[in-house]
Amino acid sequence: MPRALAIRSTVLRLAVGYAALFAGLALVLAGYIYWRTESYLARQTDRAILAATETLLERHRAGGIQALIRAIETRLADEPDEDEIIALVDGTRRIVAGNLESAPAETTLKWFELEILRKPANSTARVLRVPAGDTHGLYVGRDIQVRLDVRTVVAETLLWSVLLAFAASILIGLLARQMLARRLARISSVADRVVLGDLSPRVPLSGAGDEFDRLAADLNVMLDRLSELVDGVRQVSNAIAHDLRTPLTRLRGRLETALGGADSPARFRASAEAALQELDQVVRLFEALLRIAEIEAGHRRAAFARVDLAALAEDMVEFYQPLAEQRGLTLVADLAAAECIGDRMLLAQVVANLLDNAIKYTPPGGTVRVATAQAGTETEITVDDDGPGIPEAERDKVTRRFYRLEASRSSPGSGLGLSLVVSVAKLHGGTLDLADNAPGLKARLRLPRATV
Amino acid sequence: MRFLLVEDDLEVARFVIKGLSEAGHAVEHAPDGREGLYRATGEAFDALIVDRMLPGGIDGLTMIETLRRTGSVTPVLILSALAQVDERVRGLKAGGDDYLTKPFAFAELQARLEAILRRGHAKAVETVLRVADLELDLLSREVRRAGRRLDLLPRELRLLEYLMRHAGQVVTRTMLLEAVWDYHFDPQTNVIDVHVSRLRQKIDKGFPRPLLHTIRGAGYSLRPEP
C-alpha cells in the first residue's frame, strides 16, 4: 500500500537522520575528551623528562662528564623508577652510564619514541636527546606504554559508546515510527471511509492536545463543513425536486390545454403565452436556488469590494419609490453613512428583496422605512414597515427555503427571498434579525463594518 | 444583416435561425468552435452569436479571444448556460460585447443583438436626441415635446435617454435595469414597468400620437409608429 510505504520512509528517514546526528555529536564529544586526556598525559610525561634532564645537566655543568656519570648511577640506584630511562653515550656510541643495553639509533631528532626490551612484553618509551659536552650524548626518557594503553582503552570506550548511541537512536526512531503509524492509521481509516462516501466518521482525539490532536480537530472541522455543504446541495436538490414539480405540472397543464384549443388561434395563443409565463417562473426559481447554493458555497468572496451601503440603499429606495406610490405607501429613507466590504450586486438584491416584501405585504396607507447606520464594528441596514408583520412563532421559519406564511400563499413570490437574504448575510459574516415593529416587521441586516 | 451563429445544440440553433430569418436577416450556422473560428476569420459578418460551451476543443471564449487577437472588431453576443456574475464578467473580458443567459426569450436575443450592432455604429457626438417631435438636449438636460417643455426626474431622464438612443429597437426590462440603474439582479416585482409607465405619463399624455410602446412578451420600444 503506497500510503504505508510513505509513512515508513518519512519516519524512518527521520529516525536515521536523528541517529546520524546523535552519533556525529557523540563522536565529536568523544574525540574532544580523547584529545584532552591524551594531551594532558603527554604534557605530564614531557614535564617529568625535562625535569630529570635538567637535574642531570646541572651536574654535568658543575662537574663534567664524571660527575654526570656519578649522578646517573646514584639516581638509578637511589630512586629506582621502573619507568625512567637514562643513557649516556660517548663519541664512539658506547653506553657510558644508564640503564639501556645499547645506544639508541636515533641521532638527529630531539624527541623520539624508542622501542625497548622489557619483561614480560616490549614497550615504548619517549626519549629526549641532549648533548652533554662536546662528545657525549645524554638520552633521558620514560616508558609510556601505560599511557598508550590508557589511550587505547579510552578510544575503544568512546567508540563503543558512539556505536551504542547510534543503535539507541535507531531503536527510538523505530519505536517513534510505530507510534506515529498507529496514530496516522486512525486518520487514514477515517479518510478511507470518507472516500467511500460516508461523511459521518470523525477522527478520535487522544486528549493529549498535541499536534496530532490539533490536526485531527482541524480535519474534523473540515469534515463538518464538508457535510454541511453536501447537506446544502442535498437540500437544494430536494427543494428543486419538490418545488419545481408544481410549476412544471402547471406548465404541462397549460400546454395540454393549448393543444386542446389548437383549433381556435386565439385560445391557443392565450394558452401558449400563459405557458411561457409559467416557464419563466420556473427559470427564475431555478436561478434563485442556484444563486443561493452558489452564495452558500462561499465562492463569491472573490468579488468583494468596499460598498457604500447608504448610496446603495438610496438607489434602491429611488428604484422602488414609484411602486410604493402606486400601492399607496409612503417610502421613506433615513440614511446615515454606512460602509462594508461585500458584493454590491448581492447586497442590492438583498435590499430589493426586503423592500419587495415590505411593499408587497403592507396595506395601502402604510409606511415603509429604509435606514442605514453604523456603530462600533457593525454597520446595518434596516427595512421596516407597519404592515401585518410576522407572528413570532413563524419568524425563524420564514427564512427557510420555500417557506411561505399561510396568509401569503396566494400572492406571487417564490418563498426564496428571505432565505437568499440570510445566505448573503452569512456570506458577509453578518446576520438577519426579524423583529416586531409594533405593528409591522423590522428586518435588520447587520454586517461587519468596513475597516480603513 | 448577416450573422454567424456558433451553437452545438441543433434545436436552439434552429430556433434562433428561424427567428432571425423571419426578421429578414441571413444566418450562417457553425456547430463547433473550430468551424466557427474558421468562418468568422474568413468571411464578413455583421455580428457573431457564440455559445459559451462548445464541443471540439475550442470553446466559445477561446474562439472569441483568438478572433479578437486577429484584430477583428465584429460585435459578439455570447450565449451561455452559466449565469453567475463572474462568468458574465469572464465572457465580456474575453471580448464579448454582451452576454445572454440560457434559457432566453427570442425577443431578448434580438434586442441585445440590435443594441450591440448600434454600439458598433455609434454616431459622432450628438447633443440633441430626436424621436418624432420629442427632443432631449443632452447638454442642458431639457426635454421638449412639440416645443412644450416636460419636467423629468434625473432617473427618468436617463431612462428616456437610453430609450431614445435605442429608438426603433426593442429594449428588454433586464437591459433597462442594467443600463439605467447599473444593477444586475432580479427585481421580483415588475418595478421597471412602473418606472416606464410614469415616464409614459410624462411624455405621451396629452399628445395624440404615443411614442413609448409596450412590446408584448419582450419589453419596450420608443418609436413614432405603433
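Residues numbered from 1 in each chain as written. Chains lettered and ligands numbered in written order. Predicted model: local features only at pLDDT ≥ 70, side-chain atom pairs only at ≥ 80, totals over all residues. Heavy atoms only, no water.

## Topic: the overall build of chain B
At step 1: Regarding its fold elements, chain B presents eight helices and 12 strands.
At step 2: With 226 residues in all, chain B has 49% of them scored as buried.
At step 3: Contacts spanning at least 24 positions in sequence make up 56% of the contacts within chain B whose residues lie at least 6 apart.
At step 4: A total of about 10,700 Å² of accessible surface is found on chain B, and carbon and sulfur atoms cover 52% of it. (Helix = DSSP H or I, 4+ residues; strand = E, 2+ residues; numbered from the N terminus. Buried < 20%, exposed > 50% of the residue type's maximum accessible area, 1.4 Å probe, protein only. Contact = heavy atoms within 4.5 Å. Areas by Shrake-Rupley, 256 points an atom, 1.4 Å probe, with all protein chains shown as cover.)

## With respect to the overall build of chain A
At step 1: For chain A, the count of helices and strands is seven helices and 12 strands.
At step 2: Counting every atom, chain A has about 25,700 Å² of accessible surface; 59% of that belongs to carbon and sulfur.

## A closer look at the sheet that holds strand E10 (residues 171-172) of chain B
Residues and elements named next belong to chain B.
At step 1: One open sheet accounts for three strands, arranged E10-E12-E11; its pairing is antiparallel. In the strand order of this sheet, the two ends are held by E10 and strand E11 (212-215), each with one partner.
At step 2: With two bridges joining them, E10 and strand E12 (residues 219-222) adopt antiparallel strand pairing. Within the sheet, the bridge partner assigned to Val171 lies in E12 and is Tyr220. (Pairing = 2+ DSSP bridges.)

## Quick word on the packing of aromatic side chains
At step 1: If you walk through the whole model with that rule in mind, you get six aromatic pairs over all chains.
At step 2: With centroids separated by 6.1 Å and ring planes inclined at 40°, the aromatic side chains of A:Tyr32 and A:Trp35 adopt a geometry described as tilted. You can see A:Tyr32 and its partner A:Trp35 sitting in helix H1 (residues 2-78), three residues apart, about one turn around the helix.
At step 3: With 6.0 Å between their ring centres and 80° between their planes, A:Phe112 and A:Tyr139 make a pair best called edge-to-face. Remark: A:Tyr139 occurs in strand E5 (residues 136-143) and A:Phe112 occurs in strand E3 (residues 111-116); sequence separation between them is 27 residues.
At step 4: Using a relative accessible area of 2% as the deciding quantity, one classes A:Tyr139 as buried.
At step 5: If you follow A:Arg344 out to its NZ or CZ, it ends over the ring of B:Tyr183, 4.2 Å from the centre.
At step 6: Looking at B:Arg145, its charged tip hangs above the ring of B:Phe207, at a distance of 4.5 Å from the centre. (Phe/Tyr/Trp six-rings, centres within 6.5 Å; stacked < 30°, edge-to-face > 60°. Lys NZ or Arg CZ within 6 Å of the ring centre and 35° of its normal.)

## With respect to the nonpolar core
At step 1: One finds B:Leu176 and B:Leu222 to be the most contacted residues of the largest nonpolar core, which totals 87 residues.
At step 2: The element best represented in this core is helix H6 (residues 344-361) of chain A, accounting for 11 residues.
At step 3: The residues touching B:Leu222, leaving out its near neighbours within four places in the chain, are B:Val131, B:Leu134, B:Leu160, B:Leu163, B:Met164, B:Ala167, B:Gly168, B:Gln169, B:Ile203, B:Leu211 and B:Leu212.
At step 4: Ranked by size, the runner-up nonpolar core spans 18 residues in total, among them B:Ala30, B:Leu48, B:Val50 and B:Leu67. (Core = buried A, V, L, I, M, F, W, Y, C linked by side-chain atoms within 4.5 Å.)

## A closer look at empty space enclosed by the protein
Residues and elements named next belong to chain A.
At step 1: The full count for this structure, using the stated rule, is one cavity of 30 Å³ or more.
At step 2: Put simply, the largest cavity is a space of about 60 Å³.
At step 3: Contributing to the lining of the largest cavity are Arg183, Arg186, Ile187, Val203, Pro204, Phe212, Asp213 and Ala216.
At step 4: Of all elements in the fold, only helix H2 (145-195) and helix H3 (211-260) reach the threshold of two or more residues within the lining of the largest cavity.
At step 5: Split by residue class, the lining of the largest cavity holds five nonpolar, no polar and three charged. (1 Å grid on protein atoms, 1.4 Å probe; cavity = no way out; pocket = protein on both sides within 12 Å on 5 of 7 lines; lining within 4 Å. Points joined across faces, edges and corners; volume = space filled by probe spheres on them. Nonpolar A, V, L, I, M, F, W, Y, C, P; charged D, E, K, R; others polar.)

## Notes on the pattern of salt bridges
Residue and element names in this part refer to chain B.
At step 1: Throughout the structure, instances matching the rule amount to 52 salt bridges over all chains.
At step 2: Residue Arg14 pairs with Glu11 through a salt bridge whose shortest N-O separation is 3.4 Å. A residue pair is termed a helical-turn pair when its members lie 3 or 4 positions apart in one helix, as Arg14 and Glu11 do in helix H1 (residues 10-22) at three residues.
At step 3: Overall, Arg14 belongs to the exposed group, its relative accessible area being 52%.
At step 4: Glu11 gets classed as exposed once you look at its relative accessible area, which sits at 51%. (Salt bridge = Lys/Arg side-chain N within 4 Å of Asp/Glu carboxyl O.)

## Topic: the packing of helix H5 (residues 309-326) of chain A against H6(A)
All names here are of chain A.
At step 1: At a minimum axis distance of 10 Å, the contact between H5 and H6 shows a crossing angle of 35°. As H5 runs across H6, the sense of the crossing is right-handed. Of the residues in H6, those touching H5 at Leu309, Leu312, Asp315, Met316, Val317, Tyr320, Leu323 and Ala324 are Arg344, Leu347, Ala348, Val351, Ala352, Leu355, Asp356 and Ile359.
At step 2: Looking at the contact of H5 with H6, its residues break down into 13 nonpolar, no polar and three charged. (Axes fitted to C-alpha atoms, helices over the stretch in contact; angles between N-to-C directions. Left-handed = near helix turned anticlockwise from the far one by under 90°.)

## Notes on the packing of helix H4 (residues 265-296) of chain A against helix H7 (residues 417-427) of chain A
All names here are of chain A.
At step 1: The N-to-C vectors of H4 and H7 enclose an angle of 20°; their axes lie 9 Å apart at closest approach. The orientation of H4 relative to H7 falls into the category roughly parallel. Judged by the twist between their axes, the crossing of H4 over H7 is left-handed. Facing Ala288, Arg291, Ile292, Ile295 and Glu296 of H4, the residues of H7 in contact are Ser419, Leu420, Ser423, Val424 and Leu427.
At step 2: In terms of residue class, the contact of H4 with H7 is made up of six nonpolar, two polar and two charged. (Parallel < 35°, antiparallel > 145°, perpendicular 65-115°, else oblique.)

## Regarding the confidence of the model for chain B
At step 1: Averaged over chain B, the pLDDT score is 87; the fraction of residues at 70 or greater is 96%.
At step 2: The ipTM, which scores confidence in the relative placement of chains, is 0.75 for this predicted complex, and the corresponding pTM is 0.59. (pLDDT = per-residue confidence, 0-100.)

## Section: the sheet that holds strand E10 (residues 378-385) of chain A
Residues and elements named next belong to chain A.
At step 1: The strand order across the open sheet formed by five strands is E7-E9-E10-E12-E11, and the pairing between neighbours is mixed. One side of each edge strand has no neighbouring strand; the edge strands of this open sheet are strand E7 (330-335) and strand E11 (431-436). The sheet shows a mean angle of 15° between the axes of neighbouring strands, direction not considered.
At step 2: The pairing of strand E9 (residues 367-375) with E10 spans eight bridges and is antiparallel. Bridged to Ala375 within E10 is Glu378.
At step 3: Its contacts with the sheet put H5 on E7, E9, E10 and strand E12 (441-448), and the angle it makes with E7 is roughly 170°.
At step 4: Strands in contact with H6 are E7, E9, E10 and E12; relative to E10, the strand with the most contacts, it is inclined by about 25°.

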